[in-house]
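Each chain is listed here by its residues.
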Amino acid sequence: MEQFINISYIVASVLFIFGIKMLGSADTARKGNALSAGGMLLAIVVTLLKQGIVDFPMIAIGLLIGAVIGGFWAKKVQMTGMPELVALFNGFGGLASVMVGWAEFQRISASGVAGTAVTYTAIVLAVLIGGITFTGSLIAYLKLSGKMGGKATTFGGQKLLNLLLFVILVIAGIITSMNGNYGAFIAVLFVALLLGVLGVIPIGGGDMPVVIALLNSLSGLAASAAGFAINNNVLVVAGCLVGASGLILSTIMCKAMNRTLGNVLFGSFGAAAGGGAGAKVEGEMKPVSVQDAYYVLEAAQSVVFVPGYGMAVAQAQHAVKELGEILEKNGAEVRHAIHPVAGRMPGHMNVLLAEADVPYEQLTEMDDVNPIMSTVDVAIVIGANDVVNPAAVEDETSPIYGMPIINVHEAKTVFALKRGEGAGFSGLVNTLFFRPSTRMLYGDAKETVTSLIAEFKD
Amino acid sequence: MEQFINISYIVASVLFIFGIKMLGSADTARKGNALSAGGMLLAIVVTLLKQGIVDFPMIAIGLLIGAVIGGFWAKKVQMTGMPELVALFNGFGGLASVMVGWAEFQRISASGVAGTAVTYTAIVLAVLIGGITFTGSLIAYLKLSGKMGGKATTFGGQKLLNLLLFVILVIAGIITSMNGNYGAFIAVLFVALLLGVLGVIPIGGGDMPVVIALLNSLSGLAASAAGFAINNNVLVVAGCLVGASGLILSTIMCKAMNRTLGNVLFGSFGAAAGGGAGAKVEGEMKPVSVQDAYYVLEAAQSVVFVPGYGMAVAQAQHAVKELGEILEKNGAEVRHAIHPVAGRMPGHMNVLLAEADVPYEQLTEMDDVNPIMSTVDVAIVIGANDVVNPAAVEDETSPIYGMPIINVHEAKTVFALKRGEGAGFSGLVNTLFFRPSTRMLYGDAKETVTSLIAEFKD
Amino acid sequence: MELFAPLEKEEIETRCALDPVSAQKLIKLGLTVKVESGLGNCSGYKDADYTSVGAEVISDRNSGLASADIVCRVSKPEAAEITQLKEGALHVSFLDPFNEAALLDSFVTQKVKAVSLEMMPRTTLAQKMDALSSQANLAGYTAVSLAAEKMLKIFPMMMTPAGTISPAKVFIVGIGVAGLQAIATAKRLGARVTAFDIRPEALEQAESLGAKALRIDLGGETGGTSQGYAKELTPEQIEKQGLEQAKVCAQSDVVITTAKVFGRKSPVLIKKDTVDSMQRGSIIIDLAAESGGNVEGTVLGEEVVTENGVRIFGYANMEGRVPQVATQVLASNFYNFVEHFWDKESKTLKTDPEDEILKGCLITDNGEIIHERFKK
Amino acid sequence: MELFAPLEKEEIETRCALDPVSAQKLIKLGLTVKVESGLGNCSGYKDADYTSVGAEVISDRNSGLASADIVCRVSKPEAAEITQLKEGALHVSFLDPFNEAALLDSFVTQKVKAVSLEMMPRTTLAQKMDALSSQANLAGYTAVSLAAEKMLKIFPMMMTPAGTISPAKVFIVGIGVAGLQAIATAKRLGARVTAFDIRPEALEQAESLGAKALRIDLGGETGGTSQGYAKELTPEQIEKQGLEQAKVCAQSDVVITTAKVFGRKSPVLIKKDTVDSMQRGSIIIDLAAESGGNVEGTVLGEEVVTENGVRIFGYANMEGRVPQVATQVLASNFYNFVEHFWDKESKTLKTDPEDEILKGCLITDNGEIIHERFKK
Amino acid sequence: MEIILLLFVFVLAAFLGFELISKVPSQLHTPLMSGSNAISGITIVGALLASGHQDFGGMAKWFGFVGLILATINVVGGYLVTDRMLGMFKSKK
Amino acid sequence: MEIILLLFVFVLAAFLGFELISKVPSQLHTPLMSGSNAISGITIVGALLASGHQDFGGMAKWFGFVGLILATINVVGGYLVTDRMLGMFKSKK
Ligand SMILES: NC(=O)c1ccc[n+]([C@@H]2O[C@H](COP(=O)([O-])OP(=O)(O)OC[C@H]3O[C@@H](n4cnc5c(N)ncnc54)[C@H](OP(=O)(O)O)[C@@H]3O)[C@@H](O)[C@H]2O)c1
Ligand SMILES: NC(=O)c1ccc[n+]([C@@H]2O[C@H](COP(=O)([O-])OP(=O)(O)OC[C@H]3O[C@@H](n4cnc5c(N)ncnc54)[C@H](OP(=O)(O)O)[C@@H]3O)[C@@H](O)[C@H]2O)c1
Ligand SMILES: NC(=O)c1ccc[n+]([C@@H]2O[C@H](COP(=O)([O-])OP(=O)(O)OC[C@H]3O[C@@H](n4cnc5c(N)ncnc54)[C@H](O)[C@@H]3O)[C@@H](O)[C@H]2O)c1
Ligand SMILES: NC(=O)c1ccc[n+]([C@@H]2O[C@H](COP(=O)([O-])OP(=O)(O)OC[C@H]3O[C@@H](n4cnc5c(N)ncnc54)[C@H](O)[C@@H]3O)[C@@H](O)[C@H]2O)c1
């Protein structure tokens, strides 16, 4: 029987593997979810066959209560409320791992025979990670559902407090692992719960989806740790799968926001520290990888291309047209904004874009695109320079002051495609490239656009 | 110490994982190989630390002999001789697994305590798979090195013999697994060796690379089985990694030859059976998936595009031009062969291809491309029909008999892009689409070409 | 066998029947090629170009006509010249057979095999000899280049520092070979092109070149004949078509009409009121002018400026505006014709009257009219 | 303020200074706009078009000139007309200031502010008022459309049933604004284009439009001045350049030259022997004809056919062949100029002589020549 | 040895987890998160053992019971919500 | 239990193996084959045990010895040949 159960666990794990894989692509996602649910059912059923499982009434009641609550909430929730519900569920999962760890700890304590260091360590990890997951998810839930201010909350001495808690945690953790001291165990639990709160409070509501993905990864790890504690392989495998894939997912989500994970998690601390000093700094040209640019574009709703002489030099027009088509298929609104002096002859861009068969309808004049620029998610500047130089509208001393430009600097994100630090025809420095919302995609424009296309095509 | 060894095994396995992953891409392949070699070294060294390892002189001698022979051959071999050497090495690996299994079998027999069914089964599998690998690889080696006729060899009654051997195998295998009977064990070994020979002999020399990849996968599985036999996790993991990735690799290699694995392995049987009857059959239109087409194109050295009216309807010219560029970058020679009457007006294809900026140098006239057509690896017919209808040169009763066509039917492989069964302008049936070397890529030409491009961009 | 290409006599004809390249190919085939002196003058070739490839340049037209087994020329012959031909000779040219019954009779009398280029079947196999196609193609191109040169505006769109120049709007009526090439050329230059034809498959073809197809539901039966030529429309259909077209015309800078109905006077597709609704300075090129014109007000061979400043060009022989290529492809058609029926062994033409192509284009043979449609 | 656009007097001038659209924009700005009756005749506008946007159409040229604060016109004025201008008025037109010292003196005497369009600085900021650019652009386009219309062959490649028609070979010498547009247009039509310029960056620009750049190592110093105009070459450099160019010319169907050196007679880039080496029927369009021509044998305003059948077009006012757009962009340049210096409050022009643009193009002011290069 | 093998399993699962997710379209980020959240409810197996196994008694059992309820909510709710999300996603397309 | 965990390890490794190789350019087919052939020489660990371990004696030991030599050839030769192939491949590019 034990063999059978364990083989079933293997099957369940395989179902989880397929489930996760299929969830990653639109066509198969729903079936993937069903598969993984099947795996879960299998794991639950065969567990009930385990030798030594006796208290079926208790189990039945527990399952029933849980299923009713979970089912009810899941059915009732509005589309808009789903993310916060997921956060809540995730928190419960974390707490469940805490409970499993705690129960095992109790069992060992009660049995009188001391557990091994490995088991204790596993229990500590399960409780620690599970605890953080629980309160962290709860805060995320509160923020998302508006029951708590969505803004990033920081307070003085927070860093110090965190440090203190960390020290306590390490000491208590070590003590527990060594000899299963109950007090230390409770200390770990307590600190974990606190850390979850403190960790999530400073993060703004807009970043919550990433945080939930990360907490989700953590709850997987907590389950995995619980698996080590009770020596159960399906817990280890399924938990670890979730842990790893969740981590990747949160990274991907960060990239789609043009952020890093570190920036999301600890960004507000930096902000708190560096705040106050409002001086306008020059900044630097921040390069971005094609892959990261892809994640941003993939999530963009409106995109404006701004071609310039560099597009002509690179002969990138066909690639640009294709990228435009792909973005449109992906659901974005695509425009090509042509500045009257772009290129080196009147109508330079028109010739090229007509050659690439960009429909005339997508060609937008400067005066038409500027008013909507602030609603644009991404402006892609392709080898243009002078025609997007904000100095023309901002810097009275600039030789091009007074020339109307395409105001890409108002777009949410700007990707500037250039080969290097080269100036435009007029030889002026362009402050656009130094702005916080601008990212540089260095390299020949055609190659860059082609690699962007490649990213879209998997 | 045991813990340490096992953790080192985990590290070694991780190195193998990275190694295989990195071997799959040109930039990292060499480093990947080095990493995996590092993993191997680690595995060997920590094994020597194992409790109970005492006979170091023996080990030293064995390692020395093996290293000298392997190193010498590896250094000496010519570039052209490498594949057969790999086959030989692979055979040795298989035989080594046989030996490990046999040694374990001996040990158990000698110890007097009967082994478990699981252990015996594992031993049988190790010996069986290892044995097949050994002789199979040997035959592959002989065929490749020209020491044996490269042609597929079949003889009457082969099928019957195979069946007989299979029955013996099953019976002997079961007996061995049940009670470790030595005679049955030897029978398994013997049959395995024979099966290896019989399995590879009927396969032609051109298909040997696929066979070696498959045998390589088998030798991995043999190692994995040996791992089960001696309860060693690194053997299980590394062997299984090789087994799975080798299987995928052989599938990929088959696709690159526009074949299926089954066709490669058992093709000659079919040929032997259906041979003789030389009647010209009509055949059928065989569709091919975009992915399989990709594998063929990826391996092609020379490609000819033959555009027709369908390319114009689909407005696929930009995509075609891009695919051409990609193929060129991939090392293939690319031509666009324009038939004078292709399209619906004189110069129809020229307008479109010029719009897509296909260089004039790549446009080839019918009379220039036909003489080299038989050396072309792949001809891609994009919505052309009448202009590639072999009836014009072969069927005197055809209304278009006498019109020169582009002889794509002479190319090694033809991919025909059409939406369905539609006829061309002249309304004639085109036998090209029914020929054995032709594969249909159904769908709008632009979409098909775009998906092909997507395949190339990973 | 001897092949002779006489000088074209019509003033307007800038093309000729043979260029040096095709002459050379004919000679390679085994023919003796004679051309009348000055043949290539208008299309950019000198007599020396012909002699250098082995053709004989003769000044005596009459002897050339009298001794030739094959006579190739562009325009139909004068009746008088037919009588000079050898009995059994082959005469290949445009003939306008529906309107030139007398000419056909001369051929009959003289027992000359007369091939009418107009009657070449529009099959895939015959396309290499199809002079109507090869010439219509060039007519389509020159129509656009003429329009570009005559227009007060430019074709492409340009977004310039001095404002945006909008692309010219071009409307092509009749999407045969000429119409398609006109679409392609106008598109290349950057115009917005709309196109119309009564044959639905032609609309798809226009789209395959990037034009916008104007789809008008004419009701009733429309479409092409089996030969690929357009059927004649009922008056109601023409009415409805005119209405829809007028709307497009009013917005167009250039209108090019190419609709011929084979063997008849071309239909009038653009009425005077439509022309009057067009903008000052816009241009109409009527490629059907020679067969009566698709536009009310077209005058053959002339530019007409209407009161409201619309300019209608009814030039004849539009393909003759690029005489060098027109001659090149036409000569190639002649060569392909000869080559197709050439018998290598006997070094003569094998003219099997059951051949599908000959059935289409051979009008007279052996002293009688053998073509179904012209039999009396 | 009052702005007046007089009729262009030169016979060849088809453009005019104002189109209705820009007139309307000027009126919106707060100016009173007067145009002489018949102004837009050649460029496709009627007097009614002007009145409908609020401009005043007057027949009395003299009163118009006398009362205007700003006079806009295309070609330089007759000296007599300058004396009719109001003191302190602004006169904007092409002036050819290097060759018309007398005219400048008249402006000085009359105390008129004269702006020379030729002298507009070639900076990014001034580009919207740069009439040289806006017109050269159209000249480049018309050069190609003229060539297409005049050629015996066609531009695009066509692989047809009647043989392959090879693409026309076009050679563009001088890759300024006109050269670039010529490249673009010829490429669009399907030609193989080679281009040459002495400025290396111009070669890159040609390539950015898909042309093949002819790279000749001239040795010594070459390149543009800071203003973007070309420097004059030494005789040896011209020699060497001629040699390389001759090779390309010999193979070209169309050669278009655009090389002007500012303020001087244009360099002769294509010598007679080069022209003689070209093929019969090939075409040369010399866009520099007005300033002397880049080609030996160019005659201003005419088509010259050489002995070996090469046709050299030295037409003047090429941009005037598309007068409607030429007027549109030129008027837009005028408008942009006025708008740039317009003071909304006072509804007058703010002409700060320290302004970089005015420094470049304002020649006379307050009864003296203030431009550095023309000061005596 | 057993713990080592568990560790091995853990490492392999981690690699597999990383390999499985490569490029997820942004519309699927939330469902994927939600779906894998449901999988993380696998801790339910632990809770089942703790609440129903004879080895566990007293407090431990009750902890297990609470854990069971929570984990069940996570599992049941998680799968259902994910399914709903994916359903909408599809119909939207 | 141990055998089950080994099986688990096996299954996970199989999935990982499938996921690792997706699209290999055709020039790399042979090196990849050769490189993974070298890895399959991992059976050398088994041979080491068989030839050097005290538990093994008599015939078994000698089988192990033969296995050791063969596996070593496979490992050493395999890695070297692969490296040579990849070296040429690079210089060719
Ligand atoms: N339109 C006209 O008629 C005309 C005529 C003459 C002059 N101009 C002037 O030209 C300018 C036009 O502005 P613009 O924004 O189009 O161009 P721009 O200001 O000249 O800038 C071009 C940019 O493209 C980049 N680039 C060049 N080659 C590239 C390649 N292969 N891939 C990627 N990037 C490349 C260059 O940076 P890197 O070197 O770092 O790559 C440069 O910053 C204006 O100043 C205008 O006044 C216009
Ligand atoms: N060149 C000329 O001047 C001229 C003029 C008139 C006629 N023609 C005649 O036209 C023919 C030209 O031959 P051809 O080989 O170019 O064309 P074709 O024989 O007419 O064949 C076109 C093929 O394209 C396929 N197709 C149509 N739309 C498609 C799409 N969107 N995607 C993919 N496939 C598509 C059709 O099959 P499905 O329907 O199954 O997709 C059809 O088999 C000759 O017979 C010629 O004589 C030529
Ligand atoms: N088989 C071949 O290889 C071959 C060769 C040449 C042409 N063709 C086909 O023959 C057909 C005719 O070609 P063509 O250029 O000689 O035709 P055409 O000169 O006879 O007529 C020109 C076009 O005008 C259209 N037309 C006629 N009446 C009209 C009306 N009232 N309104 C609008 N349009 C009208 C016709 O449909 C035709 O498309 C085309 O489909 C062409 O593709 C086939
Ligand atoms: N700043 C701006 O926005 C702006 C506006 C318009 C033009 N420009 C620039 O000004 C430059 C000149 O433009 P243009 O069209 O008025 O020039 P142009 O008419 O003065 O000369 C045309 C071209 O001929 C070339 N040339 C001169 N002598 C030559 C010789 N011997 N051989 C070959 N070529 C020779 C010149 O280099 C120039 O490219 C261009 O680089 C253009 O991009 C800049």
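Predicted model only: the values in this text are computed from it and were never measured. (Residues numbered from 1 in each chain as written. Chains lettered and ligands numbered in written order. Predicted model: local features only at pLDDT ≥ 70, side-chain atom pairs only at ≥ 80, totals over all residues. Heavy atoms only, no water.)

## Focus: the overall build of chain A
Scanning chain A from terminus to terminus reveals 17 helices and 6 strands. If one aligns the C-alpha atoms of chain A with their principal axes, the spans along those axes are about 90 × 50 × 35 Å. Residue pairs at least 24 apart in sequence account for 76% of intrachain contacts in chain A once pairs closer than 6 positions are excluded. (Helix = DSSP H or I, 4+ residues; strand = E, 2+ residues; numbered from the N terminus. Contact = heavy atoms within 4.5 Å.)

## Brief notes about the pairing of strand E1 (residues 302–307) of chain A
Residues and elements named next belong to chain A. By the criterion of burial, E1 is predominantly enclosed, with 6 of the 6 residues buried. Of the two faces of E1, the one holding Ser-302, Val-304 and Val-306 and the one holding Val-303, Phe-305 and Pro-307 are both buried throughout. With 4 bridges connecting them, E1 and strand E2 (residues 333–338) associate as parallel partners. In the strand pairing of E2, Val-304 is matched with Arg-335. With 5 bridges connecting them, E1 and strand E4 (residues 378–382) associate as parallel partners. Paired with Val-304 across the bridge in E4 is Ala-379. (Buried < 20%, exposed > 50% of the residue type's maximum accessible area, 1.4 Å probe, protein only. Pairing = 2+ DSSP bridges.)

## Topic: the interface of chain B and chain E
Between chain B and chain E, the contact holds 12 residues from the first and 10 residues from the second. Of the roughly 1000 Å² buried between chain B and chain E, counting both surfaces, carbon and sulfur atoms make up 81%. Sorting the residues of chain B by area buried against chain E places B:Ile10, B:Ile17 and B:Asn233 first, and these three jointly supply 43% of that buried surface. At the junction of chain B and chain E, the tally comes to 1 salt bridge. Note that E:Glu19 is salt-bridged to B:Lys21, the shortest N-O span being 3.2 Å. At the junction of chain B with chain E, the criterion picks out 1 residue pair in polar contact (both at pLDDT 80 or more). Elements represented by at least two residues in the side of chain B that touches chain E include exactly helix H1 (2–23) and helix H9 (233–256) of chain B. No other element matches H1(B), which puts 10 residues into the side of chain B that touches chain E. (Buried area = accessible area lost by both parts, 1.4 Å probe. Salt bridge = Lys/Arg side-chain N within 4 Å of Asp/Glu carboxyl O. Polar contact = N/O pair within 3.5 Å; in protein donor to acceptor, adjacent residues only side chain to side chain.)

## A word on the site of ligand 4
All names here are of chain D. The local shell around ligand 4 holds 24 residues, among which Arg-122, Gln-127, Ser-133, Asp-197 and Gln-241 are the closest. Between Asp-197 and ligand 4, the recorded distance is 2.5 Å, taken from a side-chain N or O atom to an oxygen atom. In the model, an oxygen atom of ligand 4 is placed 2.7 Å from a nitrogen or oxygen of the Arg-199 side chain. In isolation ligand 4 has 840 Å² of accessible area, and contact with the protein removes 95% of it. Here the shell around ligand 4 is built from residues that sort into 10 nonpolar, 9 polar and 5 charged. (Near = heavy atom within 4 Å. Areas by Shrake-Rupley, 256 points an atom, 1.4 Å probe, with all protein chains shown as cover. Nonpolar A, V, L, I, M, F, W, Y, C, P; charged D, E, K, R; others polar.)

## Describing the domain arrangement of chain A
Residue and element names in this part refer to chain A. Per the domain assignment, the segments of chain A are domain 1 (77–272) and domain 2 (290–457). Computed over C-alpha atoms only, the centres of domain 1 and domain 2 are separated by 43 Å. Contacts between the two partners involve 4 residues from domain 1, matched on the other side by 8 residues from domain 2. Summing both partners gives a buried area of about 550 Å² for domain 1 against domain 2, and 57% of it is carried by carbon and sulfur. Considering only the surface of domain 1 that becomes buried against domain 2, Lys-255, Ala-256 and Asn-258 emerge as the three largest contributors, covering 87% of it. In this assembly, domain 1 and domain 2 are joined by 1 salt bridge. Along the contact surface separating domain 1 from domain 2 lie 2 residue pairs in polar contact (both at pLDDT 80 or more). (Domains from an automatic or database assignment.)

## Brief notes about the site of ligand 1
Neighbouring ligand 1 are 30 residues; A:Asn385, A:Asp386, A:Arg419, D:Thr124 and D:Gln127 lie closest to it. Take A:Gly383: an N or O atom from its main chain is 2.9 Å from an oxygen atom of ligand 1. A distance of 3.0 Å is found between an oxygen atom of ligand 1 and a backbone nitrogen or oxygen belonging to A:Gly422. Its free accessible area being 920 Å², ligand 1 has 94% of it covered by the protein chains. Of all the elements in the fold, those that place two or more residues in the shell around ligand 1 are helix H12 (309–314) and strand E5 (413–418) of chain A. When residues of the shell around ligand 1 are assigned to their parent elements, the largest contribution, 4 residues, is made by H12(A). Taken together, the residues of the shell around ligand 1 sort by class into 13 nonpolar, 11 polar and 6 charged.

## Some words on the pairing of strand E10 (residues 192–196) of chain C
Residues and elements named next belong to chain C. Across the 5 residues that make up E10, a large majority, 4, are buried. Considered for its hand, the β-α-β crossover made up of strand E9 (residues 169–173), helix H7 (residues 177–188) and E10 is right-handed. Bridging between E10 and strand E11 (residues 212–213) involves 2 bridges; their strand directions are parallel. When the sheet's bridge partners are listed, Ala-195 is paired in E11 with Ala-213. Taking the sense of rotation as the criterion, the β-α-β connection linking E10, helix H8 (residues 200–207) and E11 turns out right-handed. (Right-handed = clockwise from strand over helix to strand, strands pointing away.)

## Brief notes about the pattern of salt bridges
Residues and elements named next belong to chain B. Enumeration according to the criterion identifies 66 salt bridges over all chains in this entry. Measuring nitrogen to oxygen at the nearest pair gives 2.8 Å for the salt bridge that ties Glu-104 to Arg-107. Of the two residues, Glu-104 and Arg-107 are both situated in helix H4 (residues 82–111); the distance of 3 residues between them amounts to about one turn of the helix. Relative accessible area serves as the criterion here: at 5%, Glu-104 is assigned to the buried category.

## Examining the sheet that holds strand E6 (residues 113–116) of chain D
Strand order in the open sheet formed by 8 strands is E3-E2-E1-E4-E5-E6-E18-E19 (chain D), and the pairing between neighbours is mixed. The sheet is open, and its two edges are formed by strand E3 (56–58) and strand E19 (368–369) of chain D, each paired on a single side.

## Regarding the packing of aromatic side chains
Scanning the entire structure with this criterion turns up 34 aromatic pairs over all chains. Their ring planes at 80° and their centres at 5.4 Å tell us that B:Phe18 and E:Phe15 sit as a pair that is edge-to-face. A residue pair is termed interchain when its members come from two chains, as with B:Phe18 in helix H1 and E:Phe15 in helix H1 (residues 2–20). Residue B:Phe18 is classed as partly exposed on the basis of its relative accessible area of 37%. Owing to a relative accessible area of 16%, E:Phe15 belongs among the buried residues under this scheme. The lysine or arginine in question, A:Arg344, covers the ring of A:Tyr309, its NZ or CZ lying 4.0 Å from the ring centre. (Phe/Tyr/Trp six-rings, centres within 6.5 Å; stacked < 30°, edge-to-face > 60°. Lys NZ or Arg CZ within 6 Å of the ring centre and 35° of its normal.)

## Digging into the nonpolar core
Formed by 589 residues in total, the largest nonpolar core has its most connected members in C:Phe155, D:Leu18 and D:Phe155. Residues D:Phe171, D:Val255, D:Leu269 and D:Ile312 belong to the second largest nonpolar core, which totals 21 residues. (Core = buried A, V, L, I, M, F, W, Y, C linked by side-chain atoms within 4.5 Å.)

## Observations regarding the interface of chain E and chain A
Where the parts come together, the accessible area they lose is often given as the size of the interface. Taken together, the contact between chain E and chain A spans 78 residues of the former and 100 residues of the latter. Where chain E abuts chain A, roughly 7800 Å² becomes buried across the two surfaces, and 78% of that area is made up of carbon and sulfur atoms. Summed over the shared surface of chain E and chain A, the number is 2 salt bridges. One salt bridge in this structure joins A:Asp55 and E:Lys61, with 3.1 Å as the shortest N-O distance. For the interface between chain E and chain A, the tally reads 16 residue pairs in polar contact (both at pLDDT 80 or more). If you list the elements that add at least two residues to the side of chain E that touches chain A, you get H1, helix H2 (29–40), helix H3 (43–52) and helix H4 (58–92) of chain E. When residues of the side of chain E that touches chain A are assigned to their parent elements, the largest contribution, 32 residues, is made by H4(E). Its residues assigned to classes, the side of chain E that touches chain A comprises 46 nonpolar, 25 polar and 7 charged.

## A word on a nonpolar patch on the surface
Nonpolar side chains collect at one region of the surface, where B:Leu163, B:Phe166, B:Val167, B:Val170, B:Ile171, B:Ile174, B:Ile175 and B:Met178 lie side by side and expose about 780 Å² of accessible area between them. As for its position among the elements, B:Val170 is in helix H6 (residues 158–179). (Patch = residues over 30% accessible without salt bridge, like charges linked within 9 Å, V, L, I, M, F, W, Y side chains within 5 Å.)

## Things to note about the sheet that holds strand E4 (residues 70–72) of chain C
Residue and element names in this part refer to chain C. Ordered in space as E3-E2-E1-E4-E5-E6-E18-E19, the 8 strands form an open sheet in which the pairing is mixed. The open sheet has two edge strands with one neighbour each: strand E3 (56–58) and strand E19 (368–369). Of the pairings in the sheet, the one linking strand E18 (residues 362–365) to E19 comprises 2 bridges and is antiparallel in character. Paired with Asp-365 across the strands is Glu-368, a residue of E19.

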